[in-house]
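Now for the letters of each chain:
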Amino acid sequence: MSEAWEPLRIEPSASVVVVTGAGVSAESGIATFRDKGGIWEQYDLERVATPRGFAMDPDLVWRFYSERRAQVLGCEPNPGHRALVALERYLEPRGRFLLVTQNVDGLHQRAGSRRVLPIHGSLLRTRCSNDTCPSQPFDDEQSYMDGAPRCTTCGALLRPDVVWFGEYLDPDLERQARLAIADCDLFMAVGTSGLVYPVAGYVEIAAHYGVPRVLVNLEPPANLGAFTSFYQGKSGEVLPAILRSVAEAIGLG
Ligand code: BV8
């Protein structure tokens, strides 16, 4: 459906913050969490995305993340990811752009986005579960279907380098996101159900500073009322349409 969405008017000197969730990767073939047939219908969140779940059954958690790792490696960025890269390029010389993603699939970075805050971590990175271990998180595309791996430095279990429920987000990433939102001219959220905090609350920060708040989403989310405009549709179709003038301005149109 190529509904003629009104293009967004964005000055090249503007400051824009975009928050994305699993919906922006749906058209790349990656399941979202809470849609019909989503990840939380197949897995118990408590058992695979919490520290307690990991302590109880690390092998199950590694099977969960290994399946998602393998799936993501076979997927490609979609036109929605690429439209956000065009927006970043358009704003680069004079404006400011920040992409705060809840997604751990790395597709924004693979599409070419550079100013990215991976605020829930990365599926394609592994770290030691022992916080006092001197080892560093490392890029890891391996699957661990036959048992949780162990740290070669201290012997503790390794874990996916993601933020689980009940864990704090990286305070530096949080601070960068909050400062950028407080100082932006436009706040956009794309493909997120607006249920997971503290990121779901970022639109309220933009509202506090009187910043226009644009939502691009397939379905009306829980926090729809916090937005000043809503483009209902698939981000892979809507973003290229509403950012068409941006793409034309940088010679991609
Ligand atoms: C924390 C791990 C402090 C990696 C994830 C109030 C304040 C603070 C905390 C809380 C609070 N209330 C509750 C909490 C606790 C909790 C929370 O928010 N729970 C929720 C469920 C109520 N938050 C936390 O625990 C956070 N930590 O706050 O620390 C603290 C510490 C201790 C005790 C208390 C507080 C940590 C949150 C991070 C959790 N980790 N993932 C991984 O495995 O991926 S969150 C998980 O949900 C993913 O990261 C995911 O990105 C995120 C949000 O989901 P969405 O991305 O929005 O995806 P969803 O499927 O829900 O929606 C998709 C949307 O896309 C839909 O609306 C759909 O319509 C749309 N869509 C679909 N297709 C398309 C589309 N849109 C456009 N185009 C399409 N084609």
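Being a predicted model, the structure only gives us computed values, none of them experimental.

Basis of the calculations
- Residues numbered from 1 in each chain as written.
- Predicted model: local features only at pLDDT ≥ 70, side-chain atom pairs only at ≥ 80, totals over all residues.
- Heavy atoms only, no water.
- Helix = DSSP H or I, 4+ residues; strand = E, 2+ residues; numbered from the N terminus.
- Buried < 20%, exposed > 50% of the residue type's maximum accessible area, 1.4 Å probe, protein only.
- Contact = heavy atoms within 4.5 Å.
- Near = heavy atom within 4 Å.
- Polar contact = N/O pair within 3.5 Å; in protein donor to acceptor, adjacent residues only side chain to side chain.
- Areas by Shrake-Rupley, 256 points an atom, 1.4 Å probe, with all protein chains shown as cover.
- 1 Å grid on protein atoms, 1.4 Å probe; cavity = no way out; pocket = protein on both sides within 12 Å on 5 of 7 lines; lining within 4 Å.
- Sits in = over half its atoms within 2 Å of the grid points.
- Nonpolar A, V, L, I, M, F, W, Y, C, P; charged D, E, K, R; others polar.
- Pairing = 2+ DSSP bridges.
- Axes fitted to C-alpha atoms, helices over the stretch in contact; angles between N-to-C directions.
- Points joined across faces, edges and corners; volume = space filled by probe spheres on them.
- Phe/Tyr/Trp six-rings, centres within 6.5 Å; stacked < 30°, edge-to-face > 60°.

Chemist: Teacher, can you tell me more about the environment of Met188 here?
Modeler: Note that Met188 resides in strand β7 (residues 186–190). Of the residues examined, Met188 reaches a relative accessible area of 0% and is grouped as buried. Sequence separation of Met188 and Val203 is 15 residues, and the distance between their C-alpha atoms is 8.4 Å. Discounting residues that sit within four places of it in the chain, Met188 has contacts with Leu8, Val17, Val18, Val19, Val214, Val216, Leu239 and Ile242.

Chemist: When you look at the site of the ligand in this model, what are you seeing that I'm missing?
Modeler: With respect to spatial proximity, 35 residues lie near the ligand, and among them Arg34, Gly166, Glu167, Thr192 and Ser193 are the closest. The contact in question runs from an oxygen atom of the ligand to an N or O atom on the backbone of Ala22, over 2.8 Å. Burial of the ligand by the protein amounts to 79% of the accessible area it has alone, namely 1,500 Å². The cavity where the ligand resides is the largest pocket. Looking at side-chain class alone, the shell around the ligand contains 16 nonpolar, twelve polar and seven charged residues.

Chemist: What should I look at first to understand the sheet that holds strand β5 (residues 138–139) in this one?
Modeler: The strands that make up a sheet pair up through hydrogen bonds in the backbone, lying either parallel or antiparallel. The three strands are arranged β5-β4-β6 in an open sheet whose pairing can be described as antiparallel. Two strands close off the open sheet at either side, each with one partner strand: β5 and β6 (158–162). Across the sheet, helix α4 (residues 58–73) is in contact with β4 (121–128) and β6; its angle to β4 comes to roughly 135 degrees.

Chemist: Is there a simple way to think about the environment of Pro58 in this case?
Modeler: Inspection of the secondary structure puts Pro58 in helix α4. In sequence terms Pro58 and Leu158 are 100 residues apart; their C-alpha atoms lie 9.2 Å from each other. Setting aside residues up to four positions removed in sequence, Pro58 forms contacts with Gly53, Ala148 and Leu157.

Chemist: Please clarify how empty space enclosed by the protein should be interpreted in this entry.
Modeler: To find leftover empty space, one rolls a probe the size of a water molecule over the atoms. Here the structure, examined in full by the defined rule, presents two cavities of 30 Å³ or more. Looking at the largest cavity, its volume works out to about 120 Å³. Contributing to the lining of the largest cavity are 13 residues, with Ile30, Ala31, Phe33, Arg68 and Asp105 lying nearest its centre. Across the lining of the largest cavity, the residue classes tally to eight nonpolar, three polar and two charged. Contributing to the lining of the second largest cavity are 14 residues, with Val19, Thr192, Val199, Ala200 and Asn223 lying nearest its centre. Sorting the residues of the lining of the second largest cavity by element identifies β7 and α8 (202–208) as the ones contributing at least two each. Each residue belonging to the lining of the second largest cavity can be placed in one class, and the counts come to ten nonpolar, four polar and no charged.

Chemist: Explain helix α9 (residues 235–242) here, please?
Modeler: Think of an α-helix as turning once every 3.6 residues; residues three or four places apart then point the same way. Where burial is concerned, most of α9 is hidden: six out of the eight residues are buried. Those residues of α9 lying buried are Ser235, Gly236, Val238, Leu239, Ala241 and Ile242.

Chemist: Can you help me understand the sheet that holds strand β1 (residues 15–20) in this one?
Modeler: Spatially, the six strands line up as an open sheet ordered β3-β2-β1-β7-β8-β9, and their pairing is parallel. Unpaired on one side and paired on the other, β3 (116–118) and β9 (229–232) mark the two borders of the sheet. Adjacent strand axes in the sheet meet at a mean angle of 15 degrees, parallel and antiparallel pairs treated alike. With three bridges joining them, strand β2 (residues 96–101) and β3 adopt parallel strand pairing. Bridging from a neighbouring strand, Val100 pairs with Leu117 of β3.

Chemist: It is not clear to me how the packing of aromatic side chains should be interpreted in this structure. Could you clarify?
Modeler: In this description, an aromatic ring pair is defined by two values, namely the gap between the centres and the angle between the planes. Scanning all chains against the criterion turns up eight aromatic pairs. Ring plane angle 40 degrees and centroid distance 5.2 Å describe the contact between Phe54 and Trp164, whose orientation is recorded as tilted. Within this pair, whereas Phe54 is found in helix α3 (residues 51–56), its partner Trp164 is found in the loop between β6 and α7 (171–182), the two being separated by 110 residues in sequence. Just as Phe54 is buried, Trp164 falls in that class too. Ring centres of Tyr65 and Trp164 lie 6.4 Å apart, and the angle between their planes is 50 degrees; on these two criteria the pair is classed as tilted. Of this pair, Tyr65 sits in helix α4 while Trp164 sits in the loop between β6 and α7, placing them 99 residues apart in sequence.

Chemist: Help me out: how do you make sense of the layout of surface pockets in this one?
Modeler: Its boundaries defined by the atoms lining it, the largest pocket holds a volume of some 860 Å³. What lines the largest pocket is a set of 45 residues, and nearest its centre among them are Gly21, Ala22, Phe33, Arg34 and Ser193. For the lining of the largest pocket, the elements supplying multiple residues, two or more each, are α4 and β8 (213–217). In the lining of the largest pocket, the residues fall into 23 nonpolar, 14 polar and eight charged. The space that makes up the second largest pocket amounts to roughly 250 Å³. Along the walls of the second largest pocket sit 15 residues, with Gly121, Arg127, Asp161, Val163 and Asp170 positioned nearest its centre. Of all the elements in the fold, those that place two or more residues in the lining of the second largest pocket are β4, β6 and α7. When grouped by side-chain class, the residues that make up the lining of the second largest pocket number eight nonpolar, one polar and six charged.

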